[in-house]
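Here are the chains, one letter per residue:
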Amino acid sequence: MARYSTNEFRRGLKVMLDGDPAVIIENEFVKPGKGQAFNRVKLRNLKTGRVIERTFKSGESIEAADVVETEMQYLYNDGASWHFMNPETFEQIAADEVAVADAKQWLKEQDLCTVTLWNGVPLIVTPPNHVVLKVVETEPGIRGDTATGGSKPATLETGAVVQVPLFVNEGDLLKVDTRSGEYISRVRD
Amino acid sequence: MDWRPTASLEMLRRRAALLARLRTFFAERGVLEVETPLLSSAASTDPQIESFSTIYSGPGAPTGQTLYLHTSPEFAMKRLLAAGCGPIYQICKVFRQGEAGRHHNPEFTLLEWYRPGFDHHHLMREVEELIAWVIPERERTESESLTYRQAFERHADLDPFRSPTREIRRRAALHGLEARGLEPDDRDGWLDLLMTHQIQPRLGKGRLTFLFDYPASQAALARIEGGDPPLAARFELFLEGMELANGFHELTDAEEQEARFLEELRRRKEMKQPQPPIDRRFLAALRHGLPDCAGVALGIDRLLMLSTGASHIHEVTAFPVERA
């Protein structure tokens, strides 16, 4: 099994910690001028979602988590799980709430997501960077007001709430950046 | 291409102003500015400090000679002191392999100065005056002086001299600290873990904190004062949880210095680390006679971070190693 030394530590690296897959979310090099060097690391356990702090003597190594990232199509949510399908093999899998986490507010049927699998189990669901979603609720639009910089909240068909310009109306299709949760533009049908 | 500096142009002006103010401080006190080589035929033997090396070939070295980028100007500056130069300071780049992070860059700027006739307590006062001079806008609060033991007692509830190593490990565990890969009997390693993770973040809050009376095992180049336990005449300065300076009442005994070098090389061998050459010219200077003196090294990048509120060393250096 591949191993990563502390010099390879960076945000996003997936490793095995106490038998569970985990992702590094913060890595800080700590060293007294005359003394032992350490890497102080924050990791998220990918099965439980819990954040853990660990310190490694610099130069140590840790087992890599054998994870695969696959493009999968989002199918539906049955109330407890989110179902995805591999568009090439048609194989289906179900992801739980921990795996879907914040991604769920952006999931629209048919959209292609990145699913991170560990031993065939989905650990992380990453939505596309950009999604197009319909506005289901917002204050009525101010016609022609494309110049003033005001904004208002709008609820999208997936439940996400984003700040939008004043001219946006219910029923409009919006392009949104899922990484920042920000409105990008209005999309014509 | 990421060719642009990571520091703002305003920050570079503040760096220049800081350097100018430092030079005035020493000029007014009659401390001589010196330059010593960055490339040396010898290197530090400290197992916790790794040198870069390069090869000089040319006149005098037809087959190539290994030279080491210095990790501190201390050996060469002490040769100047032994030659009778009087009080000296230097502002230079130093190079340390394997060190990069929020507070580290593999090359960084160090201010190092030596005061014949001073002991480390006397030098701590001058460090305090220097900080007040270069950061005049900082509110003048009384500095804190703690022994290494007091710092551990106060912030980790532990006697770092008398407690057995397993008690130090247990204390670390109580503070939620464990370090993968640290040998259970690596006493100084466990003390360093508690120091960096538990104690240091609580030092220098709104005032300077000086730590002194270090364990003899962490003496580096400081003289060791006999007693029970023996104490190293070494000090460190912390400000806002950041390690800023390290100073010694300097070891002048050539025999003991050589024995420490050899012991460090033995530990390096045990850990399968490189065996750099001992600085024989430095030892010869000690045998000739180093005046009784104290010396200190202060990180200029970190000083600039503290005086400007920067949180990453990238904000105060034009081109960190990632863009070098």
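Residues numbered from 1 in each chain as written. Chains lettered and ligands numbered in written order. Predicted model: local features only at pLDDT ≥ 70, side-chain atom pairs only at ≥ 80, totals over all residues. Heavy atoms only, no water.

1. Side note on the side chain of E264 of chain B
All names here are of chain B. Using the following cut-off: The helix and strand labels rest on DSSP assignments: H or I over at least four residues marks a helix, E over at least two residues marks a strand, and numbering proceeds from the N terminus. Relative accessibility under 20% of the residue-type maximum defines a buried residue, over 50% an exposed one, and the middle range a partly exposed one, all with a 1.4 Å probe and only protein chains included. We treat Lys and Arg as the positive residues and Asp and Glu as the negative residues; His and chain ends play no part in the count. Put simply, a salt bridge is a Lys or Arg side-chain nitrogen that is within 4 Å of an Asp or Glu carboxyl oxygen. Here a polar contact is taken to be a pair of N or O atoms separated by no more than 3.5 Å, where protein atoms must pair a possible hydrogen donor with a possible acceptor and residues adjacent in sequence count only if both atoms sit in side chains. Residue contacts follow a heavy-atom distance rule, with two residues in contact if any of their heavy atoms lie within 4.5 Å.
Along the polypeptide, E264 turns up in helix 7 (residues 254–270). In this structure, E264 is buried with no salt-bridge partner, the nearest side chain bearing the opposite charge being R267 at 5.2 Å. A polar side-chain atom of E264 sits 2.5 Å from a polar atom in the side chain of T45. Those residues within four positions of E264 in sequence are excluded, and the remaining contacts are T45, D46 and P47.

2. With respect to the interface of chain B and chain A
Short version of the rule: The term buried area means the drop in 1.4 Å probe accessible area that two parts suffer when joined, counted for both and summed.
Chain B puts 28 residues into the contact, and the matching count from chain A is 19 residues. Buried area between chain B and chain A, summed over both chains or domains, comes out near 2200 Å², and the portion from carbon and sulfur atoms is 49%. A per-residue breakdown of the area chain B buries against chain A is headed by Q48, R180 and H197 of chain B, which together make up 30% of the total. Across the chain B-chain A interface, the total number found is ten residue pairs in polar contact (both at pLDDT 80 or more). Looking at the side of chain B that touches chain A, the elements with two or more residues in it are strand 8 (179–180), helix 6 (187–199) and strand 12 (242–249) of chain B.

3. Brief notes about the pattern of salt bridges
Overall, the coordinates contain 39 salt bridges over all chains when judged by the stated rule. The residue E26 of chain A makes a salt bridge to K42 of chain A at a minimum N-O spacing of 3.8 Å. Taken together, the residues span a long stretch of sequence, with E26 of chain A in strand 3 (residues 20–30) and K42 of chain A in strand 4 (residues 38–45) at a distance of 16 residues. We classify E26 of chain A as partly exposed; its relative accessible area is 45%. On the basis of relative accessibility, which here comes to 27%, the residue K42 of chain A falls in the partly exposed class. Through salt bridges with shared partners, a single network forms among D18 and R54 of chain A together with E178 and R180 of chain B.

4. Some remarks on the pairing of strand 13 (residues 293–299) of chain B
All names here are of chain B. This is how the line gets drawn: Following DSSP output, two strands are said to pair if at least two bridges run between them.
For strand 13, the tally of buried residues reaches seven of seven residues, placing the bulk of the element in the interior. In strand 13, alternate side chains face the same way, and those of C293, G295, A297 and G299 on one face and A294, V296 and L298 on the other are all buried. As defined by bridge partners, strand 6 (residues 107–116) adjoins strand 13 across seven bridges and the pair is classed as antiparallel. In the strand pairing of strand 13, Y114 is matched with G295. By the bridge criterion, five bridges tie strand 12 to strand 13 in an arrangement that is antiparallel. What sits directly across from F248, in strand 13, is G295.

5. Some remarks on the sheet that holds strand 7 (residues 67–77) of chain A
Residues and elements named next belong to chain A. Note the following rule: All axes are obtained by fitting lines to C-alpha atoms, using only the stretch in contact for helices, and the reported angles, taken between N-to-C directions, cover 0 to 180 degrees.
Taking strand neighbours across the sheet as the criterion, the five strands line up as 9-8-7-10-11 in an open arrangement whose pairing is antiparallel. Every interior strand has two partners, whereas the edge strands, strand 9 (92–95) and strand 11 (121–126), have only one. Averaged over all neighbouring strand pairs, the angle between strand axes comes to 45°, with direction disregarded. Sheet topology note: the strand 10 (residues 112–118)/strand 11 ladder contains five bridges and is antiparallel. Bridge pairing in strand 11 links W118 to V121.

6. Concerning the nonpolar core
Filter applied, for reference: Nine residue types can take part in a nonpolar core, namely buried Ala, Val, Leu, Ile, Met, Phe, Trp, Tyr and Cys, and a core is a set of them joined through side-chain atoms within 4.5 Å.
Core analysis: the largest hydrophobic core is formed by 39 residues, its most contacted members being W113 and I131 of chain B. Within the second largest apolar cluster, 25 residues are counted, among which are F161, I168, L193 and L211 of chain B.

7. Focus: the confidence of the model for chain B
Operational definition: The quantity called pLDDT is the predictor's confidence in a given residue, expressed from 0 to 100.
On average, chain B scores 97 in pLDDT, and the residues at 70 or more come to 100%. Across the interfaces of the predicted complex, the ipTM metric reaches 0.93, alongside a pTM of 0.86.

8. A look at unusual backbone geometry
Residue P229 of chain B follows D228 of chain B across a cis peptide bond; omega there is -5°. Of note in the backbone geometry, Q110 of chain A takes a positive phi value of approximately 85° without being a glycine. With a phi close to 60°, D213 of chain B is a non-glycine residue in the positive phi region. Along the chain, the position of D213 of chain B falls in strand 9 (residues 209–215). The buried category is assigned to D213 of chain B, whose relative accessible area is 15%.

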